[in-house]
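Chains, contacts and geometry: an overview
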Amino acid sequence: MRSPSKFAQGVVLFALAGYVSKLISFAYRVPYQNLAGDFGLYAYQTVYPFAAIVASLGIYAMPVVIAKIGVGAKGTNRKLEVLWGSFYALLLLSSMLVVMVWLFAPTLAKWLGDEQLAPALRVISLSYLLMPASAVLRGAFQSRDDLRPSAWSQVLENFVRVTVMLSLLWVGVRLGKDAYTLSQYAYGATLIGGLVAIAFLVYRARGVRIVRVRRVTFRRGMKLLLTTGFAVGFASLGILWMQLVDSFTIVNLMGGTYEAKVSKGVFDRGYPLVQFAILFTTTIGMANVPTLVRHYRAGHLQKTTQGLRSMIRVTTAIAGAATIGLMGVMFFLNVALFEDESGTRALVFLATSTFAASLAIASMTCLQAIDREWVAARSMVVAILVKSVVNAWLVPSYGIEGAAIGTSIGFLAMVFYNFRALDRSIPLGSFRSKHYKSLWKALVPMLFLIGVLNWLGQMWVDSRITAFGWLIGMVCSGAVLYIWRLWSTRMLSFAEWELIPFGSRLLDVLEKKEN
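Keep in mind it's a predicted model, so treat the numbers as computed, not measured.

Next up on the list: the overall build of the protein. Looking only at helices and strands, the protein features 20 helices and zero strands. Scored against the burial criterion, the 515 residues of the protein give a buried share of 58%. For the protein, the share of sequence-separated contacts (at least 6 apart) that also reach a separation of at least 24 residues comes to 83%.

Right under this line is the structure:
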């Protein structure tokens, strides 16, 4: 049996932890919506980007930057000084952010189209104080290519947060609390989950001691976090920025009525699904940055190019299947999880953004690996502007369907911008064209199968239970067919299969079947 490398095992564990965490995060939205309704989901999800953006900085983006700083520090004392300097810098920045959000929460809520969201924004702001410790501890482990503590802490944090949240939600509903109060309870649970995760990371980092941080080290760390860190963080949170644009535009452009808020709640059913679908791209990309940086800075252009090509191959292989699969099963997901088929067409349109978003993340990661962070940040600005313009154009006439189209077009703009910039440094254009043709050949049989099953299922499914059963059948049959096509076309190398969760075991099974 093939034994994957230690780093590949860490990447797979990190990816699996991300999937489990995102599965937990998605799963709680189902009982949340079932208990609080679409209006309750609206009250929670509209302010969600304000919490998730900073939390993601502590889990993904900032640890990558801190890991890059730690890789260049020589000696134990020097590494500790860099880490503590980064912590103090982040603590100062997060404290300033807490004060700003707390003071301007009423204004932000008014811009969101609902002044009653202000208390939830203030609860969210308190969680910003947890980000410095979370980011520095994860970055310290990642600088040593040890992704396991970050993986386990991520799962633990989400498990505790969701357990506390659903308990408070159940009590709140029983006590007759309104949707806005329930959202405050939910974000209070975020604080508890974050504290538990930090306690776990501190325990795993036994032996870390406080060292004196020189002023020059603090200033250097602050500069890197405000420049490189901001660029990496800003560019890597694409799906959350799109949600933030929707939070500021959908309700306002649809008239600010109760019906508009309920429609926003229906639309918010889809983003967690898209986030889950593109999560593998995020985890594989972020985890590979330190290795790609080492190759690039050592002048190993061939290894850098090979690493970037592998990232693109794995990303598109997963993203292509996820996009077609999510579009095909959206009707059944909607009925099985959320009790009705409301907004299915808009959610199908939103699912099309999965492939573009995954490519945007992959290309962004490639740019970060070759020290082009600001190019990736500028492309995110382009995506946000395009998304805002399309929303302003389409939402007044087409509602949440227009917002879904805006998300896809925004990410496509980011993809074109990123790859155009990337090809100036490491030409990958001809490789991508050839690869897309191979990918399409692997996807066509799955596309046909999912299409037929979708057509048959919509005539036959008549309840949540039957919808769930049909959903499982579609996912399993589509996955088996696609994995076989992926293997038979030899689109991925053995090393690339290892980067996919359970990829080594799949290879063993496929080789036995073929022989």
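The discussion continues.
Before going further, it helps to spend a moment on the packing of aromatic side chains. Using the criterion set out here, one finds 12 aromatic pairs in the structure. When the centroid spacing of 5.0 Å and the interplanar angle of 40° are considered together, the rings of Tyr32 and Tyr44 count as tilted. Accessibility assignment for this pair places Tyr32 and Tyr44 in one class, buried. The ring of Tyr48 has Arg29 lying over it, and the distance from NZ or CZ to the ring centre is 4.7 Å.

This next bit is on helix α13 (residues 344–351). Side chains three or four residues apart in an α-helix point the same way, a direct result of the helix having 3.6 residues per turn. Looking at α13, one finds that the buried residues are Thr344, Ala346, Leu347, Leu350 and Ala351. In a view along the axis of α13, the buried residues occupy a sector of 160°, so they form one face of it.

By secondary structure assignment, the location of Asn391 is in helix α15 (residues 373–398). A polar contact of 3.0 Å, which involves the side chain of Asn391, links it to the side chain of Thr249.

The next subject is the side chain of Asn418. Structurally, Asn418 can be placed in helix α16 (residues 400–425). On the basis of relative accessible area, Asn418 is assigned to the buried category, the value being 0%. Setting aside residues up to four positions removed in sequence, Asn418 forms contacts with Ala360, Ser363, Met364, Leu367, Val375, Ala376 and Ser379.

Formed by 142 residues in total, the largest nonpolar core has its most connected members in Val47, Phe50 and Tyr482. Look past the residues within four positions of Val47 in its chain and what remains in contact with it is Leu112, Leu117, Ala120, Leu121, Ile124 and Tyr187.

Looking now at the pattern of salt bridges. The full count for this structure, using the stated rule, is seven salt bridges. Put simply, Lys264 and Asp268 hold a salt bridge, and the shortest N to O gap is 2.8 Å. Since its relative accessible area comes to 2%, Asp268 is described here as buried. Salt-bridge contacts for Glu401 lead to Arg345; the nearest nitrogen and oxygen are separated by 3.0 Å. With Glu401 in helix α16 and Arg345 in helix α13, this residue pair connects regions lying 56 residues apart in the sequence. One connected set of salt bridges, linked through shared partners, spans Asp38, Arg269 and Asp340.

Moving on, we get to a nonpolar patch on the surface. There is a patch of nonpolar side chains on the surface, built from Val99, Met100, Trp102, Leu103, Phe104 and Leu126 and spanning about 600 Å² of accessible area. Among the elements that take part in the nonpolar patch, helix α3 (residues 76–111) stands out by supplying five residues, more than any other. With respect to the helices, strands and loops of the structure, Leu103 is situated in helix α3. By relative accessible area, which is 57% here, Leu103 ends up exposed.

The next thing to look at is the packing of helix α9 (residues 238–253) against α15. In contact at an axis separation of 10 Å, α9 and α15 are set at 25° when each is read in the N-to-C sense. For the element pair α9 / α15, the angle class is roughly parallel. The way α9 lies across α15 gives a crossing that is right-handed. Contacts between α9 and α15 pair Gly238, Trp241, Met242, Val245, Asp246, Thr249, Ile250 and Leu253 from the former with Met380, Ala383, Ile384, Lys387, Ser388, Asn391, Ala392, Val395 and Pro396 from the latter. Looking at side-chain class alone, the contact of α9 with α15 contains 11 nonpolar, four polar and two charged residues.

Looking at the protein as a whole, its pLDDT mean stands at 81, while 82% of the residues score no less than 70. Taking the mean pLDDT of every element in the protein, the minimum, 63, falls on helix α20 (residues 503–514) and the maximum, 94, on helix α4 (residues 118–126).

Moving on, we come to the environment of Trp497. Mapped onto the secondary structure, Trp497 falls in helix α19 (residues 494–498). Among the residues examined, Trp497 registers a relative accessible area of 2% and is labelled buried. Trp497 sits 183 residues away from Val314 along the chain, and the two C-alpha atoms are 8.0 Å apart.

This part is about the environment of Asp340. Tracing the chain through its elements places Asp340 in the loop between α12 (301–338) and α13. Among all residues touching Asp340, those that are not within four sequence positions of it are Arg269, Asn334 and Val335. Within the structure, the side chain of Asp340 is placed 3.0 Å from the side chain of Ser342, a separation counted as a polar contact.

Rules and cut-offs
- Residues numbered from 1 in each chain as written.
- Predicted model: local features only at pLDDT ≥ 70, side-chain atom pairs only at ≥ 80, totals over all residues.
- Heavy atoms only, no water.
- Helix = DSSP H or I, 4+ residues; strand = E, 2+ residues; numbered from the N terminus.
- Buried < 20%, exposed > 50% of the residue type's maximum accessible area, 1.4 Å probe, protein only.
- Contact = heavy atoms within 4.5 Å.
- Phe/Tyr/Trp six-rings, centres within 6.5 Å; stacked < 30°, edge-to-face > 60°.
- Lys NZ or Arg CZ within 6 Å of the ring centre and 35° of its normal.
- Arc of directions from axis to C-beta.
- Polar contact = N/O pair within 3.5 Å; in protein donor to acceptor, adjacent residues only side chain to side chain.
- Core = buried A, V, L, I, M, F, W, Y, C linked by side-chain atoms within 4.5 Å.
- Salt bridge = Lys/Arg side-chain N within 4 Å of Asp/Glu carboxyl O.
- Patch = residues over 30% accessible without salt bridge, like charges linked within 9 Å, V, L, I, M, F, W, Y side chains within 5 Å.
- Areas by Shrake-Rupley, 256 points an atom, 1.4 Å probe, with all protein chains shown as cover.
- Axes fitted to C-alpha atoms, helices over the stretch in contact; angles between N-to-C directions.
- Parallel < 35°, antiparallel > 145°, perpendicular 65-115°, else oblique.
- Left-handed = near helix turned anticlockwise from the far one by under 90°.
- Nonpolar A, V, L, I, M, F, W, Y, C, P; charged D, E, K, R; others polar.
- pLDDT = per-residue confidence, 0-100.

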